[in-house]
Amino acid sequence: VFRIYFKADKLCLMPHFSGGVLAVAAATLIWSVSPIIFKLGLTEVPPFSFTFFRFLIASVLMLALVLRQKDQAIHSHDLGKFLILGARLALHILLIMVALTLTPVSNLAVLAALGPLLISAGSIYILKERVSGRFYWGLGVAAIGALAIVLRPTVENLEFGSTILLGNFLTFLSLISISAFTLLY
């Protein structure tokens, strides 16, 4: 996305940033630092309370947006779907918050990168999508890498009750939760 213009008889290319590009950049920045901020917040507030207040604030903001949109009403027959989707999303966030109290942010970030692969793998079975052999190869390499990270505390210390291992497991469960959320709705 470049703007082409002439300046002093020279052709110039200048990046053109629209509101959408800036919004994506802002969202990327916010999402990239959020686990660190959450980890810091969880040193002061327990995970369940942190998640409750996070959802309370988000609900108030969303309610304000919904009430502003008069032409896009939410129908009563959709409320059940919203509750189910909200519960699944809350489960995902709660698992992440508890996991952050047990595992380093770096482990969470690496494991979270498996999300698109889990969704892709699930789409083969749930949505009956076709994939190439290269996909299976990539999925296998990613799975081996993830297992190396998840099981590292156990292998290094021969400690099967490690809190890091539990945190990694909860992170993986949250990925399964959000992947199911994405694939089923």
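Please refer to the structure placed before this passage.
One structure accompanies this document, and this report is about it. (Residues numbered from 1 in each chain as written. Predicted model: local features only at pLDDT ≥ 70, side-chain atom pairs only at ≥ 80, totals over all residues. Heavy atoms only, no water.)

### Notes on the overall build of the protein chain
For the record, the criterion: Starting at the N terminus, helices and strands are each numbered in turn, a helix being any DSSP run of H or I of at least four residues and a strand any DSSP run of E of at least two. Note on exposure labels: buried denotes an accessible area under 20% of the residue type's maximum, exposed denotes more than 50%, and partly exposed covers the range between, all computed with a 1.4 Å probe on protein chains only. Residues count as neighbours in contact if any of their non-hydrogen atoms are within 4.5 Å of one another.
Per the secondary structure count, the protein chain includes seven helices and two strands. Counting from the amino terminus, helix and strand elements in the protein chain follow one another as β-β-α-α-α-α-α-α-α. For the protein chain, the residues scored as buried account for 24% of the 185 residues in total. Put simply, 67% of the contacts in the protein chain that link residues at least 6 apart link residues at least 24 apart.

### Describing helix α3 (residues 79-102)
Definition in use: Here the expected span of a helix is defined as 1.5 Å times the quantity of residues minus one.
Compared with an ideal rise of 1.5 Å per residue, which puts 24 residues at 34 Å, α3 spans 35 Å between its outermost C-alpha atoms and is within 8% of the ideal. Within the sequence span of α3, burial applies to His-92, Ile-93, Leu-95, Ile-96, Met-97, Ala-99 and Leu-100.

### Points about a nonpolar patch on the surface
Formally: What goes into a patch is any residue over 30% in relative accessible area without a salt bridge, connected to like charges within 9 Å or, for nonpolar side chains (Val, Leu, Ile, Met, Phe, Trp, Tyr), within 5 Å. All accessible-area figures derive from a Shrake-Rupley calculation using a 1.4 Å probe, and residue coverage is judged against the displayed protein chains alone. Salt bridges are defined as contacts in which a side-chain nitrogen from Lys or Arg sits within 4 Å of a carboxyl oxygen from Asp or Glu.
A grouping of Ile-84, Tyr-125, Ile-126, Leu-127, Leu-184 and Tyr-185 is seen on the molecular surface, where their side chains present a nonpolar patch of about 650 Å² in accessible area. With respect to the helices, strands and loops of the structure, Leu-127 is situated in the loop between α5 (115-126) and α6 (133-157).

### Structural notes on the nonpolar core
This is how the line gets drawn: Take the buried Ala, Val, Leu, Ile, Met, Phe, Trp, Tyr and Cys residues and link them wherever side-chain atoms come within 4.5 Å; each set so joined is a nonpolar core.
Core analysis: the biggest nonpolar cluster contains eight residues, these being Phe-38, Leu-42, Phe-50, Ile-93, Ile-96, Met-97, Leu-100 and Leu-108. Here Met-97 is in contact with Phe-38, Leu-42, Pro-47, Phe-50, Thr-51 and Arg-54, once residues within four sequence places are set aside. Core analysis: the next-biggest nonpolar cluster, separate from the first, contains seven residues, Leu-111, Leu-114, Ala-142 and Val-150 among them.

### Points about the packing of helix α4 (residues 105-112) against helix α7 (residues 163-184)
For the record, the criterion: What counts as an axis is a line fitted to C-alpha atoms, over the stretch in contact for a helix, and the angles between N-to-C directions run from 0 to 180 degrees. By definition in this entry, angles of less than 35 degrees are roughly parallel, angles greater than 145 are roughly antiparallel, angles of 65 to 115 are roughly perpendicular, and the rest are oblique. We call a crossing left-handed when the near helix sits turned anticlockwise from the far one by less than a right angle, and right-handed when that turn is clockwise.
In contact at an axis separation of 10 Å, α4 and α7 are set at 30° when each is read in the N-to-C sense. Between α4 and α7, the interaxial angle falls into the category roughly parallel. Pair α4 / α7 crosses with right-handed handedness. Contacts between α4 and α7 involve Asn-107, Leu-108, Leu-111 and Ala-112 from the former and Ile-164, Asn-168, Thr-171 and Leu-175 from the latter.

### Let's talk about the side chain of His-92
For His-92, the position within the fold is in helix α3. Residue His-92 is classed as buried on the basis of its relative accessible area of 13%.

### Digging into the packing of α5 against α7
To keep it simple, the criterion reads: Polar here means any residue outside two lists: the nonpolar Ala, Val, Leu, Ile, Met, Phe, Trp, Tyr, Cys and Pro, and the charged Asp, Glu, Lys and Arg; Gly therefore counts as polar.
Packing of α5 against α7 leaves a shortest axis separation of 9 Å and a crossing angle of 50°. Accordingly, the angle class assigned to the pair α5 and α7 is oblique. Pair α5 / α7 crosses with right-handed handedness. Contact with α5, carried on its side by Gly-115, Leu-118, Ile-119, Gly-122, Ser-123 and Ile-126, involves Phe-172, Leu-175, Ile-176, Ser-179, Thr-182, Leu-183 and Leu-184 of α7 and no other residues of that element. Residues that form the contact of α5 with α7 fall into these classes: eight nonpolar, five polar and no charged.

### Observations regarding the packing of aromatic side chains
Threshold: Centre distance within 6.5 Å is the pairing criterion for rings of Phe, Tyr and Trp, where only the six-membered ring of Trp is used; planes under 30 degrees apart are then read as stacked, over 60 as edge-to-face, and the remainder as tilted.
Per the stated rule, a full pass over the model turns up three aromatic pairs. On the basis of an interplanar angle of 70° and a centroid distance of 5.8 Å, the ring pair of Phe-135 and Tyr-136 is categorised as edge-to-face.

### Brief notes about unusual backbone geometry
Backbone phi values are negative for most residues with the exception of glycine, while trans is the configuration of most peptide bonds. Positive phi, normally seen in glycine, also occurs at Lys-128, with a value near 60°. Structurally, Lys-128 can be placed in the loop between α5 and α6.

### Here's the deal with the environment of Arg-152
Tracing the backbone through its elements, the reader meets Arg-152 in helix α6. The spatial distance from the C-alpha of Arg-152 to the C-alpha of Leu-165 is 8.1 Å, given a sequence separation of 13 residues. Excluding its chain neighbours within four sequence positions, the residues that come into contact with Arg-152 are Asn-107 and Leu-147.

### Quick notes on the layout of surface pockets
What counts here: Using protein atoms alone on a 1 Å grid, points that fit a 1.4 Å probe yet trap it form a cavity, whereas open point sets bounded by protein on both sides within 12 Å along at least five of seven lines form a pocket; residues with an atom within 4 Å of a point count as lining. Grid points are joined across faces, edges and corners, and a volume is the space filled by probe spheres set on the points.
Of the pockets and cavities examined, the largest pocket occupies roughly 1,200 Å³. As for the largest pocket, its lining consists of 36 residues, and the residues nearest its centre are Trp-31, Arg-54, Phe-55, Leu-89 and Ile-93. Elements with a contribution of two residues or more to the lining of the largest pocket: α1 (19-41), α2 (47-68), α3, α4, α5 and α7. By residue number, the principal contributor to the lining of the largest pocket is α3, which donates 12 residues. Of the residues belonging to the lining of the largest pocket, the class tally is 28 nonpolar, seven polar and one charged. Taken as a whole, the second largest pocket encloses approximately 240 Å³ of empty space. Mapped onto the lining of the second largest pocket, the elements with two or more residues apiece are α5, α6 and α7. Residues belonging to the lining of the second largest pocket are distributed by class as follows: 12 nonpolar, no polar and no charged.

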